[in-house]
Structures are given as structure tokens and as C-alpha cells.
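Structural characterization, general
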Amino acid sequence: MSEAISLSGELRQAWREQARRHPLIAGGLAAAGFFTLVLLVAGVVSVLGDGGNANTQHALWGGLAGFATTSAGALLAVALGRVSQRAQDQMLGFAAGMMLAASSFSLILPALAASRDIFQNGPAAAAVVAVGIGLGVLLMLGLDHFTPHEHESTGPCGPDCTRLSRVWLFVLAIALHNLPEGMAIGVGFANGDLGVGLPLTTAIAIQDIPEGLAVALALRAAGLSVSLSVLVAGVSGVMEPLGALVGIGLSSGFSLAYPIGLGLAAGAMIFVVSHEVIPETHRNGHQTHATLGLMAGFVLMMFLDTALG
């Protein structure tokens, strides 16, 4: 107990030191976090007032679909055994392409349309969505700096990360990765438009399969047993239904919250793709295969958005 209290105190001290070293990032995280909290409270009040409407149920089912496919991908690690690094990089590139296309077609374009309906003005609509994207970037940038986690290519990141085992740093990194995906699903269903929510959820669920497999393989490489790697990779998908509830809350409070929430989810996802996924796929010399996987994922998501939208 005393050791846990000591670790908590040291982590708080590390956070304060991190904030002193990166005041702009700390301020951006505080602003994005506060704005997100305000929208979330407003959204939760709205959802409770509706008695748990169909949009909330759709978002929760969408998040659970992401959790299920992440778990299915993790189980593939047992069936496939060893997968080459080139294949892993190609699968992660495929997931990155779907996330980029989902951010563009299923988040940013509907956000611009919703914002234009509110303002009847192109520049104002674009500015609102840009604010949302900026908030998503600030949120993920702040979490990246203030949450201890680990990147395969650059090693441990965040405050006091040396105090945590390598396995739990991996788990925290996975949580950071899955959160914006769940938020995107929630925001996609927030306005009751299945043409936005359905293709977005389908795309995220599909890309969660290779992602779950890649995570399970990475955990095995970190020294976990096969069964524990599958379990941890599958449980990491719980962040998606939780993120979906956050997303539905973020964008249910008032009219401007919907385009801002869509922009926030898009900004968070694009940040994760650029900061986490693409560097990971390029560090082993398989850039061409990873890029081809990214293009395939992008085209598939474009097709799904057009066919289901």
C-alpha cells in the first residue's frame, strides 16, 4: 500500500515536472480536456433526459463491435502462430489507411456539412471544424506527453515511465490508440445519421482485426505468454465502447458540439496515425509494403463510405 502511495506521489511530481518543461502542451491538454469535459457533461445530461435514446444504443453497439473484432484479431495470433514482420507492417498500414479515410470521409466531410447547415457560411463552417480538429490534436498530444507508455521505435515515453514495466507501457499505448477510434464511433452516431455511423463503424471494426493481431504479436515479443498476450490485446478493445460513450456524450449537448465532436475525433485519429502507426510500419525497412497496405485500406474505406453512406 505504501509503495503504491509512493509511486502515486512520484508520478504526480513527474507530471508537474513535465508540465514545467512543456507548458504549451500542458496548457493545450488542459484546454482540450476542459472543453471535452464540458461537452461530455452537457451530452450526458441530454442523453439522460432522453432516457437512453437509439443513438446511444447504436454507439454502444458500434463500440462493442470494435471490441469484438479486436478480440477476434488477437485470437488469430493463436491460429497463425508466427507472422512475418513485413506482414505485420502491411496490416498496420492497412489499418492506418482505413483510419485516414474514415477521418476524411466519415468525420471531416459530415462535420463540414453540419457546420455549414448551422452557419450558412463556408469559412465559418471550416473554422468550426478546424477548432474541433485542433482540440483532438491537443488532446492526443497532451496524453502522449503526460501518460507513460512505450513506442517500439523510440522506447518509453511520458513522465516517470521507467517506473512501469514494459508490458504495462504497451498496454497504455494500446489504450491511447483505441480511445479516439471509440470516440469516432460515438460521434458518428450522435446525430442519428446511420449513413455516417454505419460505414465508420464498419471500417473501424474491419481495421481492428489486423490491429488486434499486431498488438497480440507485439505483446508476445515483449515476453508475455500466448494466452496472456491474447487476453491483454482483447481487453484493450474495451476502450472502444467506453470511447463510443464519450463520443456520443461529446456531441449530444448542443448543435455546435456535433461538428466540433466530429472534428475532434478526426484530429485525434489523424494524430495517432501519423504519430504512432506510420512510424511503426516504417521502422523495419518495409515502407513500400506498408504504404501499399495503407492505400488498400484507404480505398476500401472510401468504397464502404460510398456504398453504405
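Anyway, here's the lowdown on the structure attached to this text. (Residues numbered from 1 in each chain as written. Predicted model: local features only at pLDDT ≥ 70, side-chain atom pairs only at ≥ 80, totals over all residues. Heavy atoms only, no water.)

**Quick look at the overall build of the protein chain**
- When helices and strands are tallied, the protein chain shows 11 helices and two strands.
- Going through the 309 residues of the protein chain one by one, you find that 49% of them count as buried.
- Within the protein chain, counting contacts between residues at least 6 apart in sequence, those at least 24 apart form 81% of the total.
- Of the accessible surface of the protein chain, which amounts to about 13,300 Å², a share of 69% is contributed by carbon and sulfur atoms. (Helix = DSSP H or I, 4+ residues; strand = E, 2+ residues; numbered from the N terminus. Buried < 20%, exposed > 50% of the residue type's maximum accessible area, 1.4 Å probe, protein only. Contact = heavy atoms within 4.5 Å. Areas by Shrake-Rupley, 256 points an atom, 1.4 Å probe, with all protein chains shown as cover.)

**Digging into the packing of aromatic side chains**
- The full count for this structure, using the stated rule, is one aromatic pair.
- Taken together, a centroid distance of 5.7 Å and an interplanar angle of 65° make the contact between phenylalanine 105 and phenylalanine 298 edge-to-face. Highlighted residues: phenylalanine 105 in helix 4 (residues 85–119) and phenylalanine 298 in helix 11 (residues 287–308), separated in sequence by 193 residues.
- Classification of phenylalanine 105 by relative accessible area gives partly exposed; the value is 23%. (Phe/Tyr/Trp six-rings, centres within 6.5 Å; stacked < 30°, edge-to-face > 60°.)

**Some thoughts on helix 10 (residues 257–282)**
- An ideal rise of 1.5 Å per residue puts 38 Å on 26 residues; helix 10 measures up with 36 Å between its terminal C-alpha atoms.
- Valine 273 marks where helix 10 bends most, by close to 35°. (Expected span 1.5 Å × (residues − 1). Bend = angle between axes of the 7 residues up to and from the residue.)

**Considerations on the nonpolar core**
- In this structure, Leu107 and Ala184 are the most contacted members of the largest nonpolar core, which totals 39 residues.
- Secondary structure elements with two or more residues in this core: helix 4, helix 5 (122–146), helix 6 (166–189), helix 7 (194–221), helix 9 (239–250), helix 10 and helix 11.
- No other element matches the 11 residues that helix 4 contributes to this core.
- Discounting chain neighbours no more than four positions away, the residues touching alanine 184 are Leu107, Leu200, Ile204, Ala265 and Met269.
- Within the second largest apolar cluster, 13 residues are counted, among which are Met91, Leu219, Leu224 and Val230. (Core = buried A, V, L, I, M, F, W, Y, C linked by side-chain atoms within 4.5 Å.)

**Digging into the side chain of serine 103**
- Mapped onto the elements of the fold, serine 103 is located in helix 4.
- Not counting chain neighbours up to four residues away, the residues in contact with serine 103 comprise Ile108, Ala266, Met269 and Ile270.

**Some thoughts on the packing of helix 3 (residues 54–80) against helix 8 (residues 226–236)**
- Put simply, helix 3 and helix 8 touch, their axes get as near as 8 Å, and they point 165° apart. The orientation of helix 3 with respect to helix 8, classified from their angle, is roughly antiparallel. Here helix 3 runs over helix 8; the crossing is right-handed. Residues Phe67, Thr70, Ser71, Ala74, Leu75, Ala77 and Val78 of helix 3 form the contact with helix 8, whose participating residues are Val226, Val230, Ala233, Gly234, Val235 and Ser236.
- Residues belonging to the contact of helix 3 with helix 8 are distributed by class as follows: nine nonpolar, four polar and no charged. (Axes fitted to C-alpha atoms, helices over the stretch in contact; angles between N-to-C directions. Parallel < 35°, antiparallel > 145°, perpendicular 65-115°, else oblique. Left-handed = near helix turned anticlockwise from the far one by under 90°. Nonpolar A, V, L, I, M, F, W, Y, C, P; charged D, E, K, R; others polar.)

**Some points on a nonpolar patch on the surface**
- Taken together, the side chains of Leu228, Leu231, Val235, Val238 and Leu242 define a hydrophobic patch exposed on the protein surface, amounting to about 410 Å² of accessible area.
- For the nonpolar patch, the element with the highest residue contribution is helix 8, accounting for three residues.
- Counting through the fold element by element, valine 238 comes out in the loop between helix 8 and helix 9. (Patch = residues over 30% accessible without salt bridge, like charges linked within 9 Å, V, L, I, M, F, W, Y side chains within 5 Å. Salt bridge = Lys/Arg side-chain N within 4 Å of Asp/Glu carboxyl O.)

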